[in-house]
Every structure is written in structure tokens, then in C-alpha cells.
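So the chains spell out like this:
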Amino acid sequence: AQRVTQPEKLLSVFKGAPVELKCNYSYSGSPELFWYVQYSRQRLQLLLRHISRESIKGFTADLNKGETSFHLKKPFAQEEDSAMYYCALSGDFNKFYFGSGTKLNVKP
Amino acid sequence: NAGVTQTPKFQVLKTGQSMTLQCAQDMNHEYMSWYRQDPGMGLRLIHYSVGAGITDQGEVPNGYNVSRSTTEDFPLRLLSAAPSQTSVYFCASRGSGLYEQYFGPGTRLTVT
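Bear in mind that the values here come from a model prediction, so they are computed numbers and not experimental data.

Novice: Please clarify how the packing of aromatic side chains should be interpreted in this entry.
Specialist: The description of an aromatic ring pair rests on the distance of the ring centres and on the angle between the ring planes. Considering all chains together, one arrives at 13 aromatic pairs over all chains under this definition. Each ring, one from Phe59(A) and one from Tyr85(A), has its centre 5.6 Å from the other, and the planes form 45°; the classification is tilted. Placement of Phe59(A) in the loop between strand 6 (45-49) and strand 7 (60-64) and of Tyr85(A) in strand 9 (residues 83-90) is noted, with a sequence separation of 26 residues between them. Each member of the pair, Phe59(A) as well as Tyr85(A), carries the same accessibility label: buried. Among the aromatic residues, those joined into a cluster by ring pairs are Phe34(A), Tyr36(A), Phe93(A), Phe96(A), Phe98(A), Tyr31(B), Tyr35(B), Tyr48(B), Tyr99(B) and Phe103(B). Sitting above the plane of the Tyr99(B) ring, Arg49(A) keeps its charged end 4.0 Å from the centroid.

Structure below.
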């Protein structure tokens, strides 16, 4: 069965500290992995996609097929990074499966 | 461009009532979808559509109907509301050949 697990409901770090939001998945096949973000009073929006291998707002995510993980990382957190982060996967771009989300709180 | 719009923003229903949640997009996207978000559970796909006249079930379709008569609109119907359908509902769209979903602002539904 397809599943996306985000083990941390809340992650609090100080400004300038490294941050890692964990995401583990189970899927029978080779899925596409995504990170979506929802800032306060804004809509859910795509942050990055694994196949792009790009860095968005300083965030990167590496797909580890052996560990079935897709953790989101940023070396130096900023206060404006405070938001809800959702990991998601899709095998066919029609059915998407989302994790339960991690709330990142960056303290000044 | 308004993007993806949803109406209403809030709704309270009594058990057994019916209603339609509206979703519209002005980006000429072929793919549209409906999700529900419950506390601690993330977003779960209810139904999706890959074009006008084509719909399919997602992860949690029971109790919901959809139709897609135009590219722009993708309404979600609750025929007989139940308290278990209390949730926040999100509509999303995606262009053909693209991977990014664009989400609406959500509808908060309470069924008493």
C-alpha cells in the first residue's frame, strides 16, 4: 500500500540552525516525490520535486531509494521558513499521497 | 488569473443534508482533484478528473460524487452529509504534462 510518513508533527529550531524534515514512504514502484509547503494564510504550494534536483529557497531533498526516504534539508533556517511542510508521492501524476505534515517553527 | 477558486469558504450542514462544493480554475488545466484534510492525517484524495467528462476515484471516494462537464469546473457533491465528512476540503488543478498542482484556499465543512 502507498504511504507517506512524516514522523515529526512539530519541529522547532533556532534561526541559523540546520533543519531536516523527515519523510519516509512505501510504494510498489518508482514514485515521484514532492515537498509542498503552506505558509500562514497562504495556499498549499509546491516547494520542490525530487527529479528536478534543484534547491528552492535554500532547501534540498535527496531521494534515498534504499531507505525509501526523501528528507528535506536546509543548512541555515530562517524565520520566514516557518510553515507546514508536506511530503507527497505519486506514481502516475493522477493519484497523489500526502503525509500528515510537519510544522516547522524557526525561533529568532 | 484567479487560479483555483473554491466556494463556499465555510459551511455547516445537518446530518442528511446535501450540498455541492464548487471548484473552478481559469488556467485551462486538464487535471483537477479533490482532497480532504483531517487533523493528523494530511490530505487524502477523494476524486480526480483528467479532463472534461472523465473522472475517477481516489483514496476515499465513498459518500462523494463528482462530474466534470467543463474544463473549468469540478464540483464535489455530498448527497447525504454525515458527521464523518466534517473536514477541510481542497481542490487542486494541474496542467497536462506538468507535475505541479495548484491548490485552492479550501472549504471548511462541519456536519452536525
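Novice: Looking at this model, I keep getting lost on unusual backbone geometry. Mind explaining?
Specialist: Trans peptide bonds make up the majority, and among non-glycine residues the majority have a negative phi. Of note, the bond from Thr7(B) into Pro8(B) is cis; its omega dihedral lies within 30 degrees of zero at -5°. Checked against the element boundaries, Pro8(B) lands in the loop between strand 1 (4-7) and strand 2 (10-13). A positive phi angle, near 45°, is found at Thr68(A), a position not held by glycine. Here Thr68(A) shows up in the loop between strand 7 and strand 8 (69-74). Exposure remark for Thr68(A): the relative accessible area of 29% places this residue in the partly exposed category. At Phe93(A), a residue that is not glycine, the phi angle is positive and equals roughly 65°.

Novice: Explanation requested: the nonpolar core in the structure shown.
Specialist: Across soluble globular proteins, you tend to see nonpolar side chains buried next to one another. Residues and elements named next belong to chain A. Formed by 25 residues in total, the largest nonpolar core has its most connected members in Trp35, Leu72 and Tyr85. Listed by contribution, the elements that provide at least two residues to this core are strand 2 (10-14), strand 3 (19-21), strand 5 (32-38), strand 6, strand 8, strand 9 and strand 11 (102-107). For this core, the leading source of residues is strand 9, giving four residues. Sequence-distant contacts of Tyr85, that is, excluding residues within four places in its chain, are made with Gln6, Leu21, Trp35, Tyr36, Val37, Tyr39, Leu47, Phe59, Leu72, Gly101, Thr102 and Leu104.

Parameters and conventions
- Residues numbered from 1 in each chain as written.
- Chains lettered and ligands numbered in written order.
- Predicted model: local features only at pLDDT ≥ 70, side-chain atom pairs only at ≥ 80, totals over all residues.
- Heavy atoms only, no water.
- Phe/Tyr/Trp six-rings, centres within 6.5 Å; stacked < 30°, edge-to-face > 60°.
- Helix = DSSP H or I, 4+ residues; strand = E, 2+ residues; numbered from the N terminus.
- Buried < 20%, exposed > 50% of the residue type's maximum accessible area, 1.4 Å probe, protein only.
- Lys NZ or Arg CZ within 6 Å of the ring centre and 35° of its normal.
- Core = buried A, V, L, I, M, F, W, Y, C linked by side-chain atoms within 4.5 Å.
- Contact = heavy atoms within 4.5 Å.

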